[in-house]
Each structure stands twice: as C-alpha cells, then as structure tokens.
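Chain by chain, the residues run as shown.
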Amino acid sequence: MRIQFQLTPGTEAPAEMNFYFPEHRALCLAENATHNMHNVLTLRGAEVRDARMWSRYLTETIARYGEHTDVAFASHHWPTWGGERVRKFLTEQRDLYAYLHDQTLRLTNLGYTGLEIAERIELPPALDNAWHARGYYGSVSHNVKAVYQRYMGWFDGNPASLWEHPPTESAKRYVECIGGVDRVVKKAREYASAGDLRFAAQLLKHAVFAEPDHAAAKELLADTYQRLGFGSENATWRNYYLTGAHELRSGIVPTQVSISGGMAAALTVEQILDSVAIRVDGPRAADMRLVIDWHVTDVDEHVRTTLSNGALSQEPVRDDEPADLALTLTKAQLLGLIAGQEPEGIDYRGDRATLGRLVGLVDEPDPNFPIVTP
C-alpha cells in the first residue's frame, strides 16, 4: 500500500505526521485535526505546543491533499466523508489554532496578561458553532494561557509576582487577614450561593491550605468542585474538579508509578540515565564527585556519567581520565541496577562502592506524584 507522509513536527507532538493513502483518497490526520479542540498544553504537564506551526501545517495539508481526499480520519474519533466536508473541517481546524495563537499575541502586545486574555477571547461564531472546535478536551481558557506561557513565561509583569510566598504560607496570611478559617468558609458559602463558584473555590483553597483538617472547609470546597465539574463542558476540567472533590472527601490514594515492561525496553540508554539524573538529591550530592563508564553491550553504547556539584552529566567515554568504575552490561541489566536490583553477569572494573554511592543519592519516586522526565 502506497503512503505519503506529511511531516508535521511540533504540532500535537514533537514528532508528528499525517498519512495520505492515494489509491484510496484517504487522509489520516493523526491527532492534528480531531473532532474537538485539542490541547496546546496538556493539564497533566508537557512542553507547550506551537499553535502557530500547528495551523500552518494544516494549511499545507489542505494544499496537498484537500482536492484529492474523499475521507479524512484521525487516531481518535470518527471519519469525515466527502471532499467538500473534509476541506471545511480542515479549514476550521486550521483557523481554530491560528485564531487562538494570533489573538493571544495581539492582546499580549496590548499589555494584557495570560489570565486577562483567557477571559477576553471568544471564538468567532463560525468556529464557536462548529462541533469539532468545541472545548471538550482542550479549552479556549487554558489554551490561551498556554500560548501566553510559550512566549512570556510564568511572570505576569507585576513586581508583586516576583517573590510570592508558596501556597501554604500565602494561605495562612490570607486567612489571617480575612479573620480566620471559619470566616473564610462563611464568605465562600455566600459566594457559592450567589453562583460565583470560581471565587468560592479560590477562597476555600486558602482555607484548606491553611488548615488541612478543617472539616467544613474541605466539605464546602468538595461541594464547590463538584458543582464546577458538573457544569464543565471540558472533560479534563470535569475530571480534575471531580477528582479534587473525591480526594477532599476520601483522601488521596497513592498510585504506584513504574517504568517497566515494554516502556522500559523502549527507552534509550541516554533516557535511562536521564531518569537517574533527575532523581539525584542535589544538596546531598553537592560535595561528591564520581565518574562511571557504562558499556551497554546489546546496543553497543559507551557512555560516561560524571557527578559533580550535584548534577549528573553524560558524555562519550574518554581515555584521558580514568573512571572510578567501569561497567559492562546489557540494557536489561542497567534497568535492573536503576531499580535497585543486583543482576548477575555484570563486569565491574574499579571501585564497586562507587555505584552504591550514586544509588544512595537517588530519590525513590514519590507514588503520590507522576514521574516527569526530560
């Protein structure tokens, strides 16, 4: 089967592509054009995607395949049939990401912050009324903030934002200013009763951070989150609200996170060692220096890791400086070492205690939080 690949890097994913099947006049759009507004930045966390290039690659898609396509489909959702409907669909998807990008920058250049822009931008009627452009997954609000973040970063330009207290310390001070947690709960209940659930949640967030065991604050915040969730068109917002309500009422149940099986096998040696580097306890490792050479035989890679000033760096093995320890092993054995095991058959040359010193400086993953990797 003949396939034409249209490379679209930096759109929905860093390495993304569309697929055109000429004999069937069929176009697979991966996740670049689906039947909802996608995320410019996922709520779970990721690099901000480039809405500008996203729209430009869809323009290229229309030019290449628009007149030669009878059906378009994607990695998710149902197909779009008929050349005219496909072209309309792609044009609206293209304009959706272009509008979010360009209007965010227009208002940024007029001096508005990301939060302010997210409140001001509304889609034009043709896009707002298109089912496939609705915010069921991404939303205008958080996508606008993502575009702003891509260009402007976290700082909103207000000097007071440069050195704010962290949430718990800020919450204690807000609660003190308002007159205590009971007073905060009373005011939040008034706002919630008046329909201002957003500000009720903001007030109650401070109450719960200031006094995590305050039953009335937790229950009212859970009820507020539940109401916000029930009113959310966006599925990811709804899930976050309802999960927050559940955890306030029932507590947080840790989710065990591990990199194993097929995922582990797919990691490169560089990625495996990167996963160690981001778990090194920098303050404890600050005064230690050690050098380990890794010869991973099944992929024939020779890598040197150097720990200095609390940072674990990678480079090719050098002959001008001997390592404290050199290991010859397979990738599976390397994964075993990283997991705290002692696989058999590894060849050690040098001071074996070096490995123990490194492992002793590495944090165990916290089951309450997802693992973030480079």
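Above this note sits the structure.
Cut-offs and rules
- All residue numbers refer to position in the chain's written sequence, counted from 1.
- Totals for whole chains, interfaces and linings use all residues, but because this is a predicted model, local features are given only for residues with pLDDT of at least 70 and pairs of side-chain atoms are given and counted only at 80 or more.
- Derived side-chain values reflect all non-hydrogen atoms in the structure, with water molecules and hydrogen atoms excluded from consideration.
- Any Lys or Arg side-chain nitrogen located within 4 Å of an Asp or Glu carboxyl oxygen qualifies as a salt bridge.
- Here the term buried applies to any residue with accessible area under 20% of the maximum for its type, exposed to any over 50%, and partly exposed to those in between, with areas from a 1.4 Å probe on protein chains only.
- A run of H or I in DSSP becomes a helix once it reaches four residues, and a run of E becomes a strand once it reaches two; helices and strands are each numbered from the N terminus.
- In these notes, a set of buried Ala, Val, Leu, Ile, Met, Phe, Trp, Tyr and Cys residues joined through side-chain atoms within 4.5 Å is what counts as a nonpolar core.
- Between two residues, a contact is recorded if the distance between any of their heavy atoms is within 4.5 Å.
- Axes, fitted as lines to C-alpha atoms, cover a helix only where it is in contact. Angles between the N-to-C directions of the axes lie from 0 to 180 degrees.
- Small angles under 35 degrees read as roughly parallel and large ones over 145 as roughly antiparallel, with 65 to 115 read as roughly perpendicular and the rest as oblique.
- For any pair of crossing helices, the crossing counts as left-handed if the nearer helix is rotated counterclockwise from the farther one by less than a right angle, and right-handed if it is rotated clockwise.
- Under the pairing criterion, centres of Phe, Tyr and Trp rings, with the six-membered ring standing for Trp, must be within 6.5 Å; the plane angle then separates stacked pairs below 30 degrees from edge-to-face pairs above 60, leaving the rest tilted.
- Lysine and arginine charges are scored as sitting over a ring when NZ or CZ, respectively, is within 6 Å of the ring centre and within 35 degrees of the ring normal.

Brief notes about the pattern of salt bridges
Inference 1: Counted under the stated rule, the structure contains 23 salt bridges.
Inference 2: Linking D128 and R134 is a salt bridge whose minimum nitrogen-to-oxygen distance equals 2.9 Å.
Inference 3: Overall, the relative accessible area of 24% leaves R134 in the partly exposed class.
Inference 4: Note that E190 and K187 form a salt bridge whose closest N and O atoms lie 3.2 Å from each other. Here E190 pairs with K187, and both are found in helix α7 (residues 181-193), just three residues apart, close to one helical turn.
Inference 5: Look at E190 and you get partly exposed, because its relative accessible area is 37%.
Inference 6: What makes K187 partly exposed here is its relative accessible area of 26%.
Inference 7: Residues joined in a network through salt bridges with shared partners are R289, E315, R318 and E321.

Examining the nonpolar core
Inference 1: Judged by nonpolar contacts, the single largest core of 27 residues is most densely connected at L29, L90, L96, L100, L123, V140 and V144.
Inference 2: Those elements that place two or more of their residues in this core are α1 (51-65), α2 (83-109), α3 (114-120) and α5 (140-152).
Inference 3: Take this core: its biggest share by element is seven residues, from α2.
Inference 4: The contacts of L123, once residues within four sequence positions are left out, are M37, L96, Y99, L100, D128, A133 and V140.

Thoughts on the packing of α2 against α5
Inference 1: For the pair α2 and α5, the least separation of the axes is 9 Å and the interaxial angle reads 60°. In this view, α2 runs oblique relative to α5, as classed from their interaxial angle. In the packing of α2 onto α5, the handedness of the crossing is right-handed. Contacts from L100, H101, T104, L105 and T108 in α2 reach V140, N143, V144, V147, Y148, Y151 and M152 in α5.

Topic: the packing of aromatic side chains
Inference 1: The tally for this structure, following the rule as stated, stands at eight aromatic pairs.
Inference 2: The interplanar angle of 75° and the centroid separation of 4.8 Å between the aromatic rings of Y191 and F199 together place this pair among those described as edge-to-face.
Inference 3: Looking at R352, its charged tip hangs above the ring of Y348, at a distance of 3.9 Å from the centre.

Quick word on the environment of G180
Inference 1: Structurally, G180 can be placed in the loop between α6 (167-178) and α7.
Inference 2: Among the residues examined, G180 registers a relative accessible area of 23% and is labelled partly exposed.
Inference 3: For the pair G180 and G114, spaced 66 residues apart in the sequence, the C-alpha separation amounts to 31 Å.

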